[in-house]
Amino acid sequence: MFLHQPVLREKVVDYLRPVLGEGSVVIDATVGSGGHAEALLRAGADRLIAVDRDPEALRRARQRLAEWGDRVTYVHEDFRHILKIALSHAPLGLVDAVLVDLGISMDQLKDPSRGFSFEQEGPLDMRMNPWDAETAERIVNQRSFEELVRIFREYGEEPRAEAVARAIVEARKREPITTTTQLAEIVRSVVRRRGRTDPATRVFMALRIAVNRELEGLDVFFVDAFHVLRVGGRLAVLAYHSLEDRVVKRIFHRLALPCRCEPQVGVCVCEGQPLGRVLTPKPERPDRAEVRQNPASRSARLRVIEKLAPVRFRDLVYREPKPRVSWPGGTG
Ligand SMILES: C[S@@+](CC[C@H](N)C(=O)[O-])C[C@H]1O[C@@H](n2cnc3c(N)ncnc32)[C@H](O)[C@@H]1O
């Protein structure tokens, strides 16, 4: 019934198990088709706050998790509002665990009416939340050549970004590009097939990231997700894109530093105690058997952090430290 297979499910549960049990509250920030959520409830999560920005995903999750009745609260929201979500649905706004499984689910990908896939004809939509204004069709038909190149290069790491953008700009002069198959054909006319991967893969991924602003504000979100944990709570993140994983790694590293103060402040205001302990010095990856059974899992990386102390100065964690101030004319 559900096409999506939860990635690294057993590992996710093993890392979160120590904080589950009676009275525990878990936020699944990307509940999708509810696969991880179901496993967490079976492992002892007492209450689960199931968040997704896609109402159709929430409907599927509700179906799958029906047996847990009112122990599950469904929230149609962007996870970047996690502070508000926790304050509205968790006692004192604090929870025992947060799970974030980034990207989209197979159930979204395989539904032609959503426009995520080039395998079947569908509208060029790609919105996770159908109430958002931006669609892939608008981006493809309205953005400048330069902006398209940036999207394909930055989000898709497409080596032929310029050629693809040029082909799109030429094609849209003749007629608007409105379907997934139309766009895939344009991309295939300028990008050669590499092995078994369809040439349109990177461009479609890049557009999906742009439509849903998937990389925007992720650093602040991870600090906020850490913020809503009680001391001892755990945050687990599954990332499938190197740009996302880099943000997770950097934020977790900063949370685990003994001091996060800016050098020019001169004194330590963070009290020199690490806020967190990274439980995955190396990210967990799916093994060969999982990749064989679920090829979509191949790029997954799971990182988990445990909270040791409350975050007092959120800015100190997610901002890059500024370079040291050098005083004009000073010698030291
Ligand atoms: C990989 S799927 C999650 C699958 C889920 N763990 C399962 O086992 O079925 C990612 C889900 O996150 C949702 N999502 C992505 N970005 C989001 C955001 N910013 N806020 C809320 N949900 C988001 C997507 O709509 C999708 O349903």
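What comes next is a walk through the structure.

Rules used in this analysis
Residues numbered from 1 in each chain as written. Predicted model: local features only at pLDDT ≥ 70, side-chain atom pairs only at ≥ 80, totals over all residues. Heavy atoms only, no water. Helix = DSSP H or I, 4+ residues; strand = E, 2+ residues; numbered from the N terminus. Rg over C-alpha atoms; globule rule 2.2 N^0.38 Å. Buried < 20%, exposed > 50% of the residue type's maximum accessible area, 1.4 Å probe, protein only. Contact = heavy atoms within 4.5 Å. Arc of directions from axis to C-beta. Phe/Tyr/Trp six-rings, centres within 6.5 Å; stacked < 30°, edge-to-face > 60°. Lys NZ or Arg CZ within 6 Å of the ring centre and 35° of its normal. Pairing = 2+ DSSP bridges. Right-handed = clockwise from strand over helix to strand, strands pointing away. Polar contact = N/O pair within 3.5 Å; in protein donor to acceptor, adjacent residues only side chain to side chain. Near = heavy atom within 4 Å. Areas by Shrake-Rupley, 256 points an atom, 1.4 Å probe, with all protein chains shown as cover. Nonpolar A, V, L, I, M, F, W, Y, C, P; charged D, E, K, R; others polar. Core = buried A, V, L, I, M, F, W, Y, C linked by side-chain atoms within 4.5 Å.

Considerations on the overall build of the protein
Turning to step 1, where the next piece is worked out: Broken down by element type, the protein carries 14 helices and 7 strands.
Turning to step 2, where the next piece is worked out: Taken against the 2.2 N^0.38 rule, which gives 20 Å for 332 residues, the C-alpha radius of gyration of the protein at 22 Å falls within 12% of a compact globule.
Turning to step 3, where the next piece is worked out: In terms of principal-axis extent, the alpha carbons of the protein reach across some 70 × 60 × 40 Å.
Turning to step 4, where the next piece is worked out: Scored against the burial criterion, the 332 residues of the protein give a buried share of 52%.
Turning to step 5, where the next piece is worked out: By sequence separation, contacts in the protein at least 24 residues apart represent 69% of the contacts at least 6 residues apart.

A look at helix 4 (residues 82–89)
Turning to step 1, where the next piece is worked out: Along helix 4, the residues classified as buried are Ile-82, Ile-85 and Ala-86. The arc that holds every buried residue of helix 4, seen down its axis, measures 95°, which confines them to one face. The exposed set on the far side of helix 4, more than 90 degrees from its buried face, consists of Leu-87 and Ser-88.
Turning to step 2, where the next piece is worked out: Each element contacted by the buried residues of helix 4 is listed here: strand 1 (21–28), strand 2 (45–52), strand 3 (72–76), strand 4 (95–101) and helix 11 (218–227).

Some points on the packing of aromatic side chains
For any pair of aromatic rings, geometry is given as the distance between the ring centres together with the angle between the planes.
Turning to step 1, where the next piece is worked out: Inspection of every chain in the model, using the stated rule, returns 3 aromatic pairs.
Turning to step 2, where the next piece is worked out: Ring geometry for Phe-118 against Phe-204: centres 5.2 Å apart, planes inclined by 80°, an arrangement best described as edge-to-face. With a gap of 86 residues between them, Phe-118 in the loop between helix 5 (106–109) and helix 6 (136–142) and Phe-204 in helix 10 (residues 201–211) connect regions that are remote in the sequence. The residues Phe-118 and Phe-204 share a single accessibility class, namely buried.
Turning to step 3, where the next piece is worked out: The structure contains a cluster of three or more aromatic residues connected by ring pairs, namely Phe-79, Phe-221 and Phe-222.
Turning to step 4, where the next piece is worked out: Over the aromatic face of Phe-226 sits the side chain of Lys-307, whose NZ or CZ is 5.3 Å from the ring centroid.

With respect to the pairing of strand 2
Turning to step 1, where the next piece is worked out: Across the 8 residues that make up strand 2, a large majority, 6, are buried.
Turning to step 2, where the next piece is worked out: Sheet topology note: the strand 1/strand 2 ladder contains 5 bridges and is parallel. Bridged to Val-25 within strand 2 is Arg-47.
Turning to step 3, where the next piece is worked out: Traced from strand 1 through helix 2 (residues 35–42) to strand 2, the parallel crossover comes out right-handed.
Turning to step 4, where the next piece is worked out: One ladder, built from 5 bridges, connects strand 2 with strand 3; its direction is parallel. If you follow Val-51 over to strand 3, its bridge partner there is Val-75.

Examining the environment of Glu-137
Turning to step 1, where the next piece is worked out: Following the sequence through the fold, Glu-137 ends up in helix 6.
Turning to step 2, where the next piece is worked out: The exposure class assigned to Glu-137 is partly exposed, which follows from its relative accessible area of 31%.
Turning to step 3, where the next piece is worked out: As a C-alpha pair, Glu-137 and Val-291 span 154 residues in sequence and 32 Å in three-dimensional space.
Turning to step 4, where the next piece is worked out: Once residues lying within four places of it in the same chain are set aside, the contact partners of Glu-137 are Leu-124, Ile-177 and Thr-178.

Focus: the side chain of Asp-125
Turning to step 1, where the next piece is worked out: Topologically, Asp-125 is positioned in the loop between helix 5 and helix 6.
Turning to step 2, where the next piece is worked out: In terms of polar contacts, Asp-125 uses its side chain to reach the side chain of Arg-127, at 2.9 Å.
Turning to step 3, where the next piece is worked out: What Asp-125 contacts, discounting residues up to four positions off in sequence, is Arg-114, Gly-115, Thr-135, Ala-136 and Val-211.

A short note on the site of the ligand
Turning to step 1, where the next piece is worked out: Near the ligand you find 25 residues, and of these His-36, Asp-52, Phe-79, Asp-101 and Gln-108 are the closest.
Turning to step 2, where the next piece is worked out: Within the backbone of Ser-33, an N or O atom sits 3.0 Å from an oxygen atom of the ligand.
Turning to step 3, where the next piece is worked out: In isolation the ligand offers 610 Å² of accessible surface; the protein chains occlude 98% of this area.
Turning to step 4, where the next piece is worked out: Split by residue class, the shell around the ligand holds 8 nonpolar, 10 polar and 7 charged.

Points about unusual backbone geometry
Turning to step 1, where the next piece is worked out: For Leu-8, which is not glycine, the phi dihedral falls at a positive 50°.
Turning to step 2, where the next piece is worked out: Among the structural elements, Leu-8 can be located in the segment before helix 1 (9–16).

Quick look at the nonpolar core
Turning to step 1, where the next piece is worked out: With 36 residues, the main nonpolar core has Ile-27, Val-98, Val-100, Phe-221, Phe-222 and Leu-235 as its most contacted residues.
Turning to step 2, where the next piece is worked out: If you list the elements that add at least two residues to this core, you get strand 1, strand 2, helix 4, strand 4, helix 11, strand 5 (229–239) and helix 12 (242–255).
Turning to step 3, where the next piece is worked out: Here the element with the most residues in this core is helix 11; it accounts for 6 residues.
Turning to step 4, where the next piece is worked out: Not counting residues within four places of it along the chain, the set of residues in contact with Phe-221 comprises Ala-29, Phe-79, Arg-80, Ile-82 and Val-100.

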